[in-house]
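# Reading the structure
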Amino acid sequence: MEDCTLVTLYDCRTDQGRDAGLAAAAATIRAGGLVVLPTDTVYGISADAFDPAAVRALLAAKGRGRAMPPPVLVAEPEQLARLAPAAPPVAHALADRYWPGGLTIVVPHAPELTWDIGDTGGTVGVRMPADEIALQLLRRTGPLATSSANRTGVAPAATAAEARDQLGDAVATYLEAGASTGGVASTVLDLAASPPRLIRAGAVSPAELRTLLPDLTDSVSAS
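Residues numbered from 1 in each chain as written. Predicted model: local features only at pLDDT ≥ 70, side-chain atom pairs only at ≥ 80, totals over all residues. Heavy atoms only, no water.

## Description of the pairing of strand β6 (residues 123–127)
How we decide: Working definition: with a 1.4 Å probe on protein chains only, accessible area under 20% of the residue-type maximum means buried, over 50% means exposed, and in between means partly exposed. Each helix corresponds to a stretch of at least 4 residues labelled H or I by DSSP, and each strand to a stretch of at least 2 residues labelled E; elements are numbered beginning at the N terminus. Here, a strand pair is defined by DSSP locating no fewer than two bridges between the strands.
A large share of β6 lies buried, amounting to five of its five residues. Residues Thr123, Gly125 and Arg127 point to one face of β6 and Val124 and Val126 to the other, with burial holding for every one of them. Where strand β4 (residues 72–73) and β6 come together, two bridges link them in parallel fashion. Paired with leucine 73 across the two strands is arginine 127, which belongs to β6. Sheet topology places strand β5 (residues 103–108) next to β6; four bridges connect them, and they run antiparallel. By the bridge assignment for β6, isoleucine 105 is matched with valine 126.

## Quick word on the environment of alanine 185
Filter applied, for reference: Throughout, a residue-residue contact means that at least one pair of heavy atoms, one from each residue, lies within 4.5 Å.
In this fold, alanine 185 is placed in the loop between β8 (173–176) and β9 (187–190). Here alanine 185 falls in the buried class, since its relative accessible area comes to 18%. Between the C-alpha atom of alanine 185 and that of alanine 203, which follows or precedes it by 18 residues, the distance is 6.2 Å. Not counting chain neighbours up to four residues away, the residues in contact with alanine 185 comprise Thr41, Val42, Arg200, Gly202 and Ala203.

## Quick notes on the UniProt feature "domain: YrdC-like" (unreviewed entry) in the chain
Rules: UniProt positions are given in the numbering used here, feature names are shortened, and annotations may be inferred rather than shown by experiment.
The positions that UniProt labels "domain: YrdC-like" (unreviewed entry) are, in the present scheme, residues 19–204. A helix fraction of 30% and a strand fraction of 20% characterise residues 19–204, whose end C-alpha atoms lie 31 Å from each other.

## Quick notes on the sheet that holds β9
Reading across from one edge, β1-β8-β2-β3-β7-β4-β6-β5-β9-β10 is the order of the 10 strands in this open sheet, with mixed pairing throughout. Every interior strand has two partners, whereas the edge strands, β1 (9–11) and β10 (197–200), have only one. Pairing of strand β3 (residues 44–48) with strand β7 (residues 144–148) involves five bridges; the strand directions are antiparallel. What sits directly across from aspartate 48, in β7, is leucine 144.

## Comments concerning unusual backbone geometry
The step from tryptophan 99 to proline 100 runs through a cis peptide bond, and the omega angle for that step is -5°. Within the secondary structure layout, proline 100 lies in the loop between α4 (89–98) and β5.

## Let's talk about the pattern of salt bridges
Here is the rule we go by: What counts as a salt bridge is simple: a side-chain nitrogen of Lys or Arg found within 4 Å of a carboxyl oxygen of Asp or Glu.
The tally for this structure, following the rule as stated, stands at nine salt bridges. The shortest N-O distance in the salt bridge between aspartate 11 and arginine 13 comes to 2.8 Å. Overall, aspartate 11 belongs to the partly exposed group, its relative accessible area being 22%.

## Examining the environment of glycine 168
Structurally, glycine 168 can be placed in the loop between α6 (160–167) and β8. Classification of glycine 168 as partly exposed rests on a relative accessible area of 27%. Residues glycine 168 and tyrosine 98 lie 70 residues apart in sequence; the distance between their C-alpha atoms is 33 Å. Excluding residues within four positions of it along the chain, glycine 168 makes contact with Ala163 and Tyr174.

## Re the packing of aromatic side chains
The following threshold applies: Note on ring pairs: Phe, Tyr and Trp rings are taken, using the six-membered ring of Trp, and paired if centres are within 6.5 Å. Classes follow the plane angle, with under 30 degrees stacked, over 60 edge-to-face and the rest tilted.
Scanning all chains against the criterion turns up one aromatic pair. Centroid distance phenylalanine 50 to tryptophan 115: 5.3 Å. Interplanar angle 20°. Geometry classified as stacked. You can see phenylalanine 50 sitting in the loop between β3 and α2 (52–62) and its partner tryptophan 115 sitting in the loop between β5 and β6, a full 65 residues away along the chain.

## Some points on α6
Note the following rule: To obtain the arc, one takes the directions from the helix axis to the C-beta atoms.
All buried positions along α6 are accounted for by Ala160, Ala163 and Leu167. One side of α6 holds all its buried residues, which, seen down the axis, span an arc of 55°. Directly after α6, the chain includes glycine 168, whose backbone phi takes a positive value near 55°.

Right, dumping it as structure tokens:
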């Protein structure tokens, strides 16, 4: 771990750095700050999903507006039912097959949730990442609004250090786990649309998804 009195980047490749980094990251989230963390796809920038000011800070750090709300990461598939009790059965079938992993599922969120993650139209994108550091943090904090750790229009960072070069002091705590192994953003699937729509091609191929969703419409953007 780097000297945490001077910097906020923790080397989570050591037990000591991981423990200190997770503690600092959880404290940052509770205080309404932003964290950069590794995931199984690309590094992410995260905020408490239930803290509207923190989510606004996340969007500002990326240079992004409310029209592009961040998805929400969860620690276990069962949290999908709590965030989106009206999600169709196929959403849970997809979660069972692809979580933890690179599939973001967009579903109607529970109307009583006290959050504001942007102009969502009553929906939320949910994903469970296949990264133990991310999952350990999620178990401490609860759901995190998370987007790729980069300024909008710039390639996602491959390390926390690269993310710090882009995002600087807009983020309070950086968790370094080395170069991301996934390198491809998650596939984003809109199950709130009829028929279901592929918003972004990514880690899970359209051909795989069509085994459960034969009426899936074509993607509108590349990964």
